[in-house]
Amino acid sequence: MTDAVAPKRAAGPWAAVWAQFRRHRGAMAALILLGLLAAFVFIGPLLWRIDPNFIEKNTAKMFKMRNLAPSLAHPLGTDQLGRDMLARMMFGGRISLAVGTVAMLVAIFIGTTVGVLAGYFRRLDNWLMRLTDLFLALPLLPLLLVMMFLFRDAIAGVLGPRLGTFLLIVLAIGVTSWMQAARVVRGEVLALKEREFVLAARSIGTPDRRIILRHILPNVLSPVLVAATLGIAAAIITESVLSFLGLGFPPDFPTWGRLLYDGIGDIRTSPERVVWPGLAISLTVLSVNYIGDGLRDALDPRIRGR
Amino acid sequence: MKLKTALLGAVAAFTLASAAHAERGSDGEVKIFYYQAVSTLNAYLSSGTKDVEAGSLVLEPLAGFDQDGNLFPRLAAEIPTAENGGISADQTQITWKLKDGLLWSDGTPVTSADVKFTWEYCTAPDGGCAQGAKYEGIKTIDTPDAQTVVITFEAPKPYPYQPFTGGTAPILQKAQFEACLGAAAASCTEQNSKPIGTGPFMVTDFKVNDVVTLEANPNYRDAAKPAFAKVTLKGGGDALAAASAVMETGEFDYAWNTQINPDQQAQMEAGGKGKFVNAFGTLVERIEINMTDPSADLPEGERSTVKHPHPILSDAKVRQAMSMAIDRQTLVDVGYGGAGRPTCNLVPAPAAYASDNTGCLTQDMEGAKKLLEEAGWVDTDGDGIREKDGKKLSILYQTTVNPVRQDFQALVKGWWNEAGIEVELKSIDPGVFFGGDAGSPDTFQKFYADVEMYANNFDGTDPEPYMAQYLCDKIPGPDNQWQGENINRFCDPAYDAMLKELSTTGDLTKRGDLVKKMNDMLTKDSNVIIPLVDRGRFSAQSNSLGGFVMNSWDTELWNAQDWTRVK
């Protein structure tokens, strides 16, 4: 009996998670898809070396290059100024994916911290949860707009317009989307801290910090990861909204959201210009959601192994 | 047979329409779309065309301009001329007579005191009146009786029709605005959003930057007008949505300023629910150069003020190079098609005032590069951007969120990059950009950028007030709540002197020559303003809206009282 268990333990808990994850077909397909998307935006520009903002200098040529349908020279066609859509999609995807990932990390960090503190320390619970309610009650879009409005110039002055806008957008989205994660984590922690292993740890005098890091955090990992994947999707969409309103990145800085916005004008004549970024956003969001789904199943020991 | 039926149908429709014509409020509701939402109905507190035009449904001047640019009486009984004795022989006095029996929408009579008060309102110190140029040079206004207004000018006024004409100079009710003089003007929210007027409609509800609801004015002077009982004036969205709402979905009857690209124009017209209407006037899309330093390093209240001249753009050669690098015909072809034409002038019309300045129409990239070299801007480190004394030739170029303007930004940026100028782009929500809110850093008056692009025009046919915007004392700044009209912070005593001369010159040819010279001073001589495209007014009108006449010399809603529903 012990012999049978030993090799399994040696492989570690992550191997079991992975084994379970692999059984989730949707999640595996999504993981491959996301990998392809990431390769498209991060490795793609190394192979497809057209400048996304290149406009033909010769006017007569430029007019011939406008609104082209997909062809070998321009696999996704060109836009209303003759810029290559494939290059713009790759460049835009870098920004969108980076914003999504970093904003999610910010949101998860704040959410988990607040959730764990609220759940573990009774004294803080009321205060922190009222703070969470407060943030939940705030209308997010106006809040984001005000934040962009107040801090954009200041931050852009210090870090330059692009990095400054990136940081601000990421922080703004992060700061306004941590609440769900905090609530879920708090609920989990409330249940966990009454469990026997936590009581046992406490009875031998383990300090709170150690209990949280050693016993609580690993056990709330599963809801956190699920919240994280959902957060990426929300962040990509929020960035699109901000770009759409003219408060995101500068207008010559393509992101998937902005490409979508720019394409709307020509949706009747060149529908593909809306379809490409729309498809990319949808696929990213969908695959991230599926991965989250798969992770949740894989991380839950009660489902695992069944 | 078919033709006959169609003709009969047309006759029947006409009879119905004219029958409906005879009664006020019989045609139901008319829906108007101003995608730049309206923020005030008081034309004196906003330099945005959208506010002036929306206000013109309610407030009226003494006289307006028709589609050909001719004056016609609104509140006045007739247009004063030297022949009918309305203008004194020495050209210092003009006497307006009000129509008999005029009533405000609240039922009280309109008197000459209201007219006089309007002048006092706009010229009150600290009021930040946006239309101050209309009231330049008035010495006194006398009201010998309740119907008569005598305007005396400080000097002979060859063109005495500036005050109280056109949509930008409407008459306010004294009783309502008495408490709003001077610094109190902006805080009179109730008055500014629900002014009592004489126009065909009166405000029932006003949601700032959203919707204005109006209904027929029961005291309008023509008992049979307006045909519409209700007006909904909706804001928000963009030009494309506005055009689509009229041309394709038919939700709205009229959409203002539907600037969309030529391909889309054809597409929309295929929708069959409406048509585009245009008229060439004086609207010029231009790049305005900031003559003062907008740097964020300066303390608030000193950015973009005359205290700090612009470190790069104060040099005329740089400005000229920027103008030469632009290919205006390409801009027209990409952005406007038939609704625009390239121009080098700030005043492209009327013909008597338009300079023959065409030097900028051909792009000269090599010339632009040469000029920059001459000015000392050389690319020393090979990164494609010129430097001088360790400072990079880098500028911030802002405009509103608008598909055509974003295309212009991308194209102009491309040309400037080629000339060795680094360009950073910024686009701002049009409601904010033109909103005139002194608290916002993103208004066009504050101009916290190096160059900005928008369009402006003058109403009426006389460019004098328009030229007066570029006087030294019209520079916006914190001391006048950023309400001045001299957006560029241009200041030249020679220019001020010429304007003074213009205001005393009666001879029309001489006036024309002066305006042309001043136009050239601002454009080809100094390149403080880089005109790009002469734009026709371009709006969308539903096929079911009758009586609409496009006007490029006054507000587009100038004849809303004559609108009907085509049945």
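Parameters at a glance
Residues numbered from 1 in each chain as written. Chains lettered and ligands numbered in written order. Predicted model: local features only at pLDDT ≥ 70, side-chain atom pairs only at ≥ 80, totals over all residues. Heavy atoms only, no water. Helix = DSSP H or I, 4+ residues; strand = E, 2+ residues; numbered from the N terminus. Buried < 20%, exposed > 50% of the residue type's maximum accessible area, 1.4 Å probe, protein only. Contact = heavy atoms within 4.5 Å. Areas by Shrake-Rupley, 256 points an atom, 1.4 Å probe, with all protein chains shown as cover. Buried area = accessible area lost by both parts, 1.4 Å probe. Salt bridge = Lys/Arg side-chain N within 4 Å of Asp/Glu carboxyl O. Polar contact = N/O pair within 3.5 Å; in protein donor to acceptor, adjacent residues only side chain to side chain. pLDDT = per-residue confidence, 0-100. Pairing = 2+ DSSP bridges. Axes fitted to C-alpha atoms, helices over the stretch in contact; angles between N-to-C directions. Disulfide = S-S within 2.5 Å. Patch = residues over 30% accessible without salt bridge, like charges linked within 9 Å, V, L, I, M, F, W, Y side chains within 5 Å. Core = buried A, V, L, I, M, F, W, Y, C linked by side-chain atoms within 4.5 Å. Parallel < 35°, antiparallel > 145°, perpendicular 65-115°, else oblique. Left-handed = near helix turned anticlockwise from the far one by under 90°. Nonpolar A, V, L, I, M, F, W, Y, C, P; charged D, E, K, R; others polar.

Engineer: Explain the overall build of chain A here, please?
Structural biologist: Looking only at helices and strands, chain A features 13 helices and zero strands. Along its sequence from the N terminus, chain A presents helices and strands in the succession α-α-α-α-α-α-α-α-α-α-α-α-α. Out of the 306 residues belonging to chain A, those deemed buried represent 46%. For chain A, the proportion of contacts with a sequence separation of at least 24, taken over those separated by at least 6, is 72%. When the accessible surface of chain A is summed, it comes to about 15,500 Å², and 69% of that surface belongs to carbon and sulfur atoms.

Engineer: Would you mind showing me how to read the interface of chain B and chain A here?
Structural biologist: A common way to express how large an interface is: the accessible area buried when the components associate. The interface of chain B with chain A comprises 28 residues on the first partner and 27 residues on the second. Taking both partners together, chain B and chain A bury about 2,400 Å²; carbon and sulfur atoms supply 54% of that area. Connecting chain B to chain A are zero salt bridges. For the pair chain B and chain A, the number of links is zero residue pairs in polar contact (both at pLDDT 80 or more). Listed by contribution, the elements that provide at least two residues to the side of chain B that touches chain A are helix H6 (239-247), helix H7 (262-269), helix H9 (328-335), helix H11 (403-419) and strand E16 (422-428) of chain B.

Engineer: Could you clarify how one ought to interpret the confidence of the model for chain A in this entry?
Structural biologist: For any part of a model where pLDDT is low, the fine detail of the predicted coordinates should not be relied upon. Per-residue confidence for chain A gives a mean pLDDT of 82; residues scoring 70 or more make up 94%. For the stretch residues 1-9 of chain A, pLDDT sits under 50, and the model shows zero contacts to residues farther than four places along the chain or on other chains.

Engineer: Hey, could you run me through the pattern of salt bridges in this one?
Structural biologist: Opposite charge on two side chains allows them to pair when their charged atoms are near. All names here are of chain B. Scanning the model with the defined rule gives 31 salt bridges over all chains in all. Two residues, Arg74 and Glu60, come together in a salt bridge whose shortest N-O distance is 3.2 Å. Of the two residues, Arg74 is situated in the loop between strand E3 (71-73) and strand E4 (93-97) and Glu60 in the loop between helix H2 (49-55) and strand E2 (63-65); the sequence distance between them amounts to 14 residues. Taking relative accessible area as the criterion, Glu60 reaches 0% and is therefore assigned buried. Ionic pairing is found between Arg405 and Glu285, a salt bridge with its closest N-O pair at 2.7 Å. Separated by 120 residues along the polypeptide, Arg405 in helix H11 and Glu285 in strand E11 (residues 274-289) bring together distant segments of the chain.

Engineer: Explanation requested: the sheet that holds E4(B) in the structure shown.
Structural biologist: In any sheet, the strands associate via hydrogen bonds between backbone groups, in a parallel or an antiparallel arrangement. Residue and element names in this part refer to chain B. Across the sheet, three strands lie side by side as E4-E6-E5; this open sheet has antiparallel pairing. Taken across any chain shown, the strands that pair with only one partner, and hence form the sheet edges, are E4 and strand E5 (138-142). Neighbour to neighbour, the strand axes of the sheet diverge by 15 degrees on average, direction disregarded. Sheet analysis places E4 next to strand E6 (residues 148-153), joined by five bridges and oriented antiparallel. Residue Gln93 lies in a different strand from E6, and its bridge partner there is Thr152. In this fold helix H3 (residues 112-123) packs onto E5 and E6, with an angle of close to 160 degrees to the strand it touches most, E5.

Engineer: Please clarify how the pairing of E6(B) should be interpreted in this entry.
Structural biologist: Successive residues of a regular strand alternate their side chains across the two faces of the sheet. In terms of burial, E6(B) is a largely internal element, six of the six residues being buried. Alternating positions in E6(B) separate into two faces, Thr148(B), Val150(B) and Thr152(B) on one and Val149(B), Ile151(B) and Phe153(B) on the other, with burial throughout.

Engineer: Which parts of the structure should I look at to understand the state of the cysteines?
Structural biologist: Put plainly, two cysteines are in a disulfide when a covalent bond ties their sulfur atoms together. Residue and element names in this part refer to chain B. For the structure shown, the criterion picks out four disulfides over all chains. Two residues share a disulfide in this structure: Cys344 and Cys360, whose sulfurs sit 1.9 Å from each other. Judged by the sign of its S-S torsion, about -105 degrees, the cystine formed by Cys344 and Cys360 is left-handed. With a gap of 16 residues between them, Cys344 in the loop between strand E12 (340-342) and helix H10 (365-374) and Cys360 in the loop between E12 and H10 connect regions that are remote in the sequence. Residue class for Cys344 comes out buried when judged on its relative accessible area of 2%. The buried category is assigned to Cys360, whose relative accessible area is 14%. Shown here is the disulfide that connects Cys472 with Cys491, its sulfur atoms set 2.0 Å apart. In this structure the cystine formed by Cys472 and Cys491 twists about its S-S bond by roughly 100 degrees; its chirality is therefore right-handed. On the criterion of sequence distance, the pair formed by Cys472 in the loop between helix H13 (464-468) and helix H14 (493-502) and Cys491 in the loop between H13 and H14 is long-range, its members being 19 residues apart. Given a relative accessible area of 45%, Cys491 falls into the partly exposed group. Once the disulfide-bonded cysteines of chain B are ranked by sequence position, their pairing pattern turns out to be 1-2, 3-4, 5-6, 7-8.

Engineer: I would appreciate a short explanation of a nonpolar patch on the surface in the present structure.
Structural biologist: All names here are of chain A. Together, Val158, Leu159, Leu163, Leu167 and Leu171 give the surface a local cluster of nonpolar side chains, amounting to about 430 Å² of exposed area. Of all the elements, helix H8 (residues 161-175) adds the most residues to the nonpolar patch, at three residues. Within the secondary structure, Leu167 sits in helix H8.

Engineer: I would appreciate a short explanation of the nonpolar core in the present structure.
Structural biologist: Nonpolar side chains in soluble globular proteins generally cluster together in the buried interior. Residue and element names in this part refer to chain B. Counting residues in each nonpolar core, the largest one holds 67 residues, and the members touching the most others are Leu57, Trp96 and Trp563. The dominant element in this core, judged by the number of residues it contributes, is H3, at five residues. Within the second largest apolar cluster, 42 residues are counted, among which are Leu371, Ile395, Val412 and Met453.

Engineer: Just to check I follow, could you spell out the packing of H10(B) against H11(B) for this structure?
Structural biologist: Helix-helix packing is characterised by the crossing angle of the two axes and by the distance between the axes. Residue and element names in this part refer to chain B. Orientation of H10 relative to H11, taken along the N-to-C sense of each, is 55 degrees, at an axis distance of 9 Å. Judged by the angle between their axes, H10 and H11 are oblique. Handedness of the crossing formed by H10 with H11: right-handed. Contacts between H10 and H11 involve Met365, Lys369 and Leu372 from the former and Trp415, Glu418 and Ala419 from the latter. Among the residues forming the contact of H10 with H11, the class breakdown is four nonpolar, no polar and two charged.

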